[in-house]
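# Topology and contacts: notes
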Amino acid sequence: MKYKRILLKLSGEALMGEKNYGIDSKRLEQYAQEIKRVKELGVELAIVIGGGNIFRGVQAENAGIDRVQGDYMGMLATLINAMALQSALEQVGMFTRLMSGIKVESVCEPFIRRRAIRHLEKGRIVIFGAGIGNPYFTTDSTAALRAIEIEADVVLKGTRVDGVYTADPEKDKTATKYSSLSFQEAYAKNLNIMDMTAFTLCQENNLPIIVFDMNKPGNLDKIVLGEDIGTLITSN
Ligand code: UDP
């Protein structure tokens, strides 16, 4: 096994599947199966999930809602996804803990770093809901920060494209994929891998990122076993 402790970042939008809003139950089940498969390799696994399928803070301003209020609404959206994912994982027999960045004691425990690590050591899948708990951040930043805090070996950013390309492959047919990149190259070429806060956190703390296609069955465990899937971004 190449990685012993991983942090998987899933966007909220990925959960929509073919739908325009909300959660597609088929997609949710598919992800639960993929996560189960990788967990059964014996890896320690934490997950951060976004909320873009339900609500994003920037949307709020257009709707006349205060930005900070909107960000909290976005955080609650991630919590809804996290709860759905927790439930789906339990249905396939996984042991999980949901930890929230904001206090919602009736629903789940608050994020406490040492406790999160203890859960991981005991083989539980830890899901971090509600982002960092602060406005003006994203779940990409949450993924980077939590990964550093729990000393994960790598952040796996699951997307619907199979890596980082020279241009948007959905728009430009001549775009080619990078198999690896340095943080500096990615920055110089203005490649949009994560938002700058998240990206800088990873770079400054030497935390590698792998961008990969989460919708292709088996990709997640192949990465953990050391296959070159997706694009690896590292310090050198
Ligand atoms: N958010 C926040 N602080 C955080 C994490 C999230 O304010 O630490 C809010 C922010 O408004 C964001 C929304 O929650 O737009 C949903 O998260 P995100 O956009 O990262 O979800 P994704 O794009 O991954 O689906």
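Counting starts from 1 at the beginning of each chain's written sequence and moves along it residue by residue. Local features are withheld for residues below a pLDDT of 70 in this predicted model, meaning they are given only at 70 or higher, and side-chain atom pairs are given and counted only at 80 or more; totals for whole chains, interfaces and linings count all residues. Note: side-chain values were computed over all heavy atoms of the structure, leaving out hydrogens and water.

## Some thoughts on helix α3 (residues 67–91)
Worth spelling out the cut-off: Helix and strand labels come from DSSP, where a helix needs a run of H or I of at least four residues and a strand needs a run of E of at least two; each type is numbered from the N terminus. The span expected for a helix works out to 1.5 Å for each residue beyond the first. Polar contacts here mean pairs of N or O atoms no more than 3.5 Å apart (in protein, one a potential hydrogen donor and the other a potential acceptor; neighbouring residues in sequence count only if both atoms are side-chain atoms).
For α3, with 25 residues, the first-to-last C-alpha span of 36 Å sits near the 36 Å given by 1.5 Å per residue. By the N-cap criterion, in which a side-chain oxygen at the helix start approaches the backbone nitrogen of a residue two or three places on, α3 is capped by Asp66, the distance to Val68 being 3.2 Å. The first or second residue beyond α3 is Gly93, which carries a positive phi of 90 degrees.

## So, the pairing of strand β1 (residues 5–10)
Here is the rule we go by: The classification of residues rests on relative accessible area computed with a 1.4 Å probe and restricted to protein chains. Under 20% of the type maximum is buried, over 50% is exposed, and intermediate values are partly exposed. Pairing between two strands requires that DSSP report at least two bridges joining them.
Here β1 lies mainly inside the structure; six of its six residues are buried. Pairing between β1 and strand β2 (residues 44–49): six bridges, direction parallel. Directly across from Arg5, in β2, lies its bridge partner Glu44. Where β1 and strand β6 (residues 154–159) come together, five bridges link them in parallel fashion.

## Here we look at the nonpolar core
Threshold: Nonpolar cores are built from buried Ala, Val, Leu, Ile, Met, Phe, Trp, Tyr and Cys residues. Side-chain atoms within 4.5 Å join them into one set. Whether two residues are in contact is decided by their heavy atoms, any of which lying within 4.5 Å being enough.
Of all hydrophobic cores here, the largest spans 39 residues; its most connected members are Leu8, Ile35, Leu45, Ile47, Leu89, Leu156 and Phe212. Of all the elements in the fold, those that place two or more residues in this core are β1, α1 (25–39), β2, α3, β5 (125–129), β6, β8 (209–213) and α8 (219–224). Per-element accounting of this core gives the leading share, seven residues, to α3. Once residues lying within four places of it in the same chain are set aside, the contact partners of Leu8 are Ile35, Leu45, Ala46, Ile47, Val48, Leu156, Phe212, Met214 and Leu220. Val48, Ala152, Leu181 and Phe183 belong to the second-largest nonpolar core, a separate cluster that totals 31 residues.

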